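So you can see what is in the structure, the chains are spelled out below.
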Amino acid sequence: MENYQTVSLLVEGPVATVKLNRPDALNALNSVLVRELVAALDALEADQSVRCVVLTGSDKAFCAGADIKEMAKLSAADIESADHLKPVWDRAASFEKPLIAALSGYTFGGGLELAMCCDIIVASEGTKLGQPEINIGIIPGGGGTQRLPRAVGKYKAMEMILTGGAISAEEAKALGLVNRVVPPGKYLEEATKLALEIASKAPVAVRAAKEAIAASQEMGLSSGLELGRTLFYDLFNTEDKKEGMSAFLEKRKPNFVGR
Ligand code: CAA
């Protein structure tokens, strides 16, 4: 795989780990990191051996947001036409395989928006989550005004975005924004364990489940139910459905092939 400067990649069996790696800037999203993270996710989506991806940062920061040094010089026309940030959230949100965010430390602004593009969020105790954009005269630009209220409800999202204040991992878990909170130093291990568990399931069914649940955030109930039903019916033509049900009836472990 390509050599990246701002992300590092580790593929171990069916699980790939992508680590944001700009420690001097607390993993702030600059144009190089955006380009490299998009390229890494493209490569992992194409790699048939990879079934689940963990996205992480450092103990100190998952990501402190968009790079303020880069943004400081941009006008409205510049940011719209340069479009150097949008691809990263779009790429993560449209990733077909399960994406697990493993958070520790500062998870702010565009970094929290990136975590919210993932499917499951594991956080270390001490993780701080927030949308502090209001403090620098802007608003969340990577979907935070839409994904945060869907995750925590309108009132908490208003409070977080209008005050710019951060919440703890425990509070985020109570609000439904984080799945699991684990002791410091265990976040990557816990996320990898979850990824391995998901990677052991039937891949076509995993993809269909992800597609249906992701659609529930965009669609009305009747069209969502219809999509869920279509995906459910389609799975009845897969080898993995035959294998899964036969294995159950024969009281053995299934051997899924991804077809
Ligand atoms: N962009 C660029 N550089 C950043 C950065 C960011 N978002 N966040 C931190 N850094 C840099 C700092 O400038 C500093 O670099 P130097 O040593 O060269 O000065 C280095 O990372 C370490 O940061 P601090 O010295 O500030 O570390 P700290 O531990 O004292 O504070 C912090 C940590 C509270 C996270 C603080 O760095 C901070 O408030 N960062 C900005 C957070 C923020 O406002 N994020 C939102 C950005 S806007 C956005 O994301 C828009 C969007 O929705 C798309």
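You'll find the structure just up there.
Residues numbered from 1 in each chain as written. Predicted model: local features only at pLDDT ≥ 70, side-chain atom pairs only at ≥ 80, totals over all residues. Heavy atoms only, no water.

A. Local environment of the site of the ligand. Close to the ligand lie 24 residues; A66, I68, G110, E113 and E133 are nearest. Side-chain polar atom of Y106 to an oxygen atom of the ligand: 3.5 Å apart, as the coordinates give it. Isolated, the ligand exposes 980 Å² of accessible area, and the fraction of that covered by the protein chains is 64%. Breaking the shell around the ligand down by element, the ones donating at least two residues are α2 (68-71), β6 (106-108) and α5 (110-116). For the shell around the ligand, the element with the highest residue contribution is α2, accounting for 3 residues. Residue classes in the shell around the ligand are distributed as 14 nonpolar, 4 polar and 6 charged. (Near = heavy atom within 4 Å. Polar contact = N/O pair within 3.5 Å; in protein donor to acceptor, adjacent residues only side chain to side chain. Areas by Shrake-Rupley, 256 points an atom, 1.4 Å probe, with all protein chains shown as cover. Helix = DSSP H or I, 4+ residues; strand = E, 2+ residues; numbered from the N terminus. Nonpolar A, V, L, I, M, F, W, Y, C, P; charged D, E, K, R; others polar.)

B. Representation of the packing of helix α10 (residues 203-216) against helix α11 (residues 221-235). It is at 9 Å that the axes of α10 and α11 come closest, and there the two elements cross at 175°. It follows from the interaxial angle that α10 and α11 lie roughly antiparallel. Of the residues in α11, those touching α10 at V204, A205, A208, E211, A212 and A215 are L227, G228, L231 and L235. Broken down by class, the residue content of the contact of α10 with α11 amounts to 8 nonpolar, 1 polar and 1 charged. (Axes fitted to C-alpha atoms, helices over the stretch in contact; angles between N-to-C directions. Parallel < 35°, antiparallel > 145°, perpendicular 65-115°, else oblique. Contact = heavy atoms within 4.5 Å.)

C. Layout of helix α4 (residues 86-93). For α4, the complete set of buried residues consists of V88, W89, R91 and A92. One side of α4 holds all its buried residues, which, seen down the axis, span an arc of 160°. On its buried face, α4 sits against α1 (31-46), β5 (99-103) and α5. (Buried < 20%, exposed > 50% of the residue type's maximum accessible area, 1.4 Å probe, protein only. Arc of directions from axis to C-beta.)

D. Local environment of the side chain of E70. Topologically, E70 is positioned in helix α2. Here the side chain of E70 touches H84 through a polar contact of 3.3 Å, side chain to side chain. In this structure E70 touches N30, S31 and H84, once residues within four positions along its chain are discounted.

E. A look at the sheet that holds strand β2 (residues 15-20). Reading across from one edge, β1-β2-β3-β5-β7-β10 is the order of the 6 strands in this open sheet, with mixed pairing throughout. The sheet is open, and its two edges are formed by β1 (7-12) and β10 (180-182), each paired on a single side. Neighbour-to-neighbour, the strand axes of the sheet open up by a mean angle of 20°, direction not taken into account. As paired elements, strand β7 (residues 120-124) and β10 share 3 bridges and run parallel to each other. (Pairing = 2+ DSSP bridges.)

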